Amino acid sequence: MKFSCVATLISTIVGSSAAFSPSLFDGARTHSSQLNARKPFISGNWKLNPQTKAEAVTLASDIASKITDSTPDVDVALFVPYVFIETAMDASGEKLMIGAEGVCPEINGAFTGAVSTSMLNSVGVKWALAGHSERRVIFGENDEYINGQCLKLIEEGMAVMLCIGESEAEYEQKLAGAVCAVQLKKGLAGISKEDLDRVVIAYEPVWAIGTGKVATPETAQNVHSKCRAILADMYDQEAADAMRILYGGSVSPESVDELMSQTDIDGALVGGASLDSEKFGRIINFQAV
Ligand code: 13P
């Protein structure tokens, strides 16, 4: 196991039955003990896809069919467009956690087009993305807004996958660690250590998203370990050791095994390949080398 502090964690979790809220993982593969710290987490982000409800049904059910008894012990989630959430839940037969691609940090009122945490919660959604680079860049969501989303999700009893990552220019200027530090500190501001079991980090270097330029396992591992050190500084080592940090950016069947073999890479957030059930099925069924 990648994890060096299992004994500490087990005692923490046993001492705090709320440490892992089973409801957040209901409907997914919760067959393992909740004591399985840093359980791998493979997730897909459909973005603005697919184009019809019929396609969403087929894709969700085809992906669910790839989860079999021989699949590694992983959490699997799909973040899908709002309009397909309930469809994907029905089609995947509770084998997958279905999450939202975003949420409004406001709870109600005059926010045309927005969807609140309570709306999502009421249809059984437990997870949402926050801070995806496409939301930051295209939709202008800044760290304060993203922090509002994180806080509102936690307040609602839900969970958040906070996406962070540097641009290509920042990468070239060796600012990956610095950018991640700012985004982690601002994104998680006000979230207590006790609530961190409902937070997952996705490190997605912007230059790797949709480009086919997957980060090398060494590059990704290097940033992931920096992120863990930043989390240790923000909280403590125990919290940092328990946090799942996923890699995203052109993950494919060809790259997943080596990425998942890195000490600090605990899963993947997959865009393009999550729209192909064969490819995503292979990613779910990764084989650490
Ligand atoms: P790709 O896997 O298509 O590069 O997308 C990554 C991503 O943005 C997931 O959120």
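What you are looking at is a predicted structure, and each value in this text was computed from that prediction instead of being measured.

Participant: Describe helix α7 (residues 143–155), and please don't skip the residues or the numbers.
Facilitator: Look at α7: 18 Å from first C-alpha to last across 13 residues, which is about the 18 Å you get at 1.5 Å a residue. Along its buried surface, α7 packs onto α5 (117–122), β4 (127–130), β5 (159–164) and α9 (176–187). Count one or two residues on from α7 and you reach Gly157, which has phi positive near 85 degrees.

Participant: Kindly report on the site of the ligand, identifying the contributing residues and their values.
Facilitator: The local shell around the ligand holds 14 residues, among which Asn45, Ile209, Ser250, Gly271 and Gly272 are the closest. For the shell around the ligand, the residue count by class is five nonpolar, eight polar and one charged.

Participant: Provide a residue-level description of the pairing of β5, including the pertinent values.
Facilitator: Most of β5 is tucked away: six of the six residues are buried. Burial along β5 is two-sided: Ala159, Met161 and Cys163 and Val160, Leu162 and Ile164, pointing in opposite directions, are all buried. Note: β4 against β5, four bridges, orientation parallel. When the sheet's bridge partners are listed, Trp127 is paired in β5 with Ala159. When β5 meets strand β6 (residues 199–203), the two strands line up parallel, connected through five bridges. Considered in β6, the bridge of Leu162 is made with Ile201.

Participant: Any chance you could break down the environment of Tyr235 for me, citing the residues and the numbers?
Facilitator: Within the secondary structure, Tyr235 is located in the loop between α10 (217–234) and α11 (237–242). Of the residues examined, Tyr235 has 17 C-beta atoms within 10 Å and is grouped as partly exposed. For the pair Tyr235 and Leu196, spaced 39 residues apart in the sequence, the C-alpha separation amounts to 9.6 Å. Once you skip the residues sitting within four places of it in the chain, Tyr235 turns out to touch Lys193, Leu196 and Ala240.

Criteria and thresholds
Residues numbered from 1 in each chain as written. Predicted model: local features only at pLDDT ≥ 70, side-chain atom pairs only at ≥ 80, totals over all residues. Helix = DSSP H or I, 4+ residues; strand = E, 2+ residues; numbered from the N terminus. Expected span 1.5 Å × (residues − 1). Contact = placed C-beta atoms within 7 Å. Near = placed C-beta within 6 Å. Nonpolar A, V, L, I, M, F, W, Y, C, P; charged D, E, K, R; others polar. Buried ≥ 20, exposed ≤ 12 C-beta atoms within 10 Å, placed from the backbone. Pairing = 2+ DSSP bridges.

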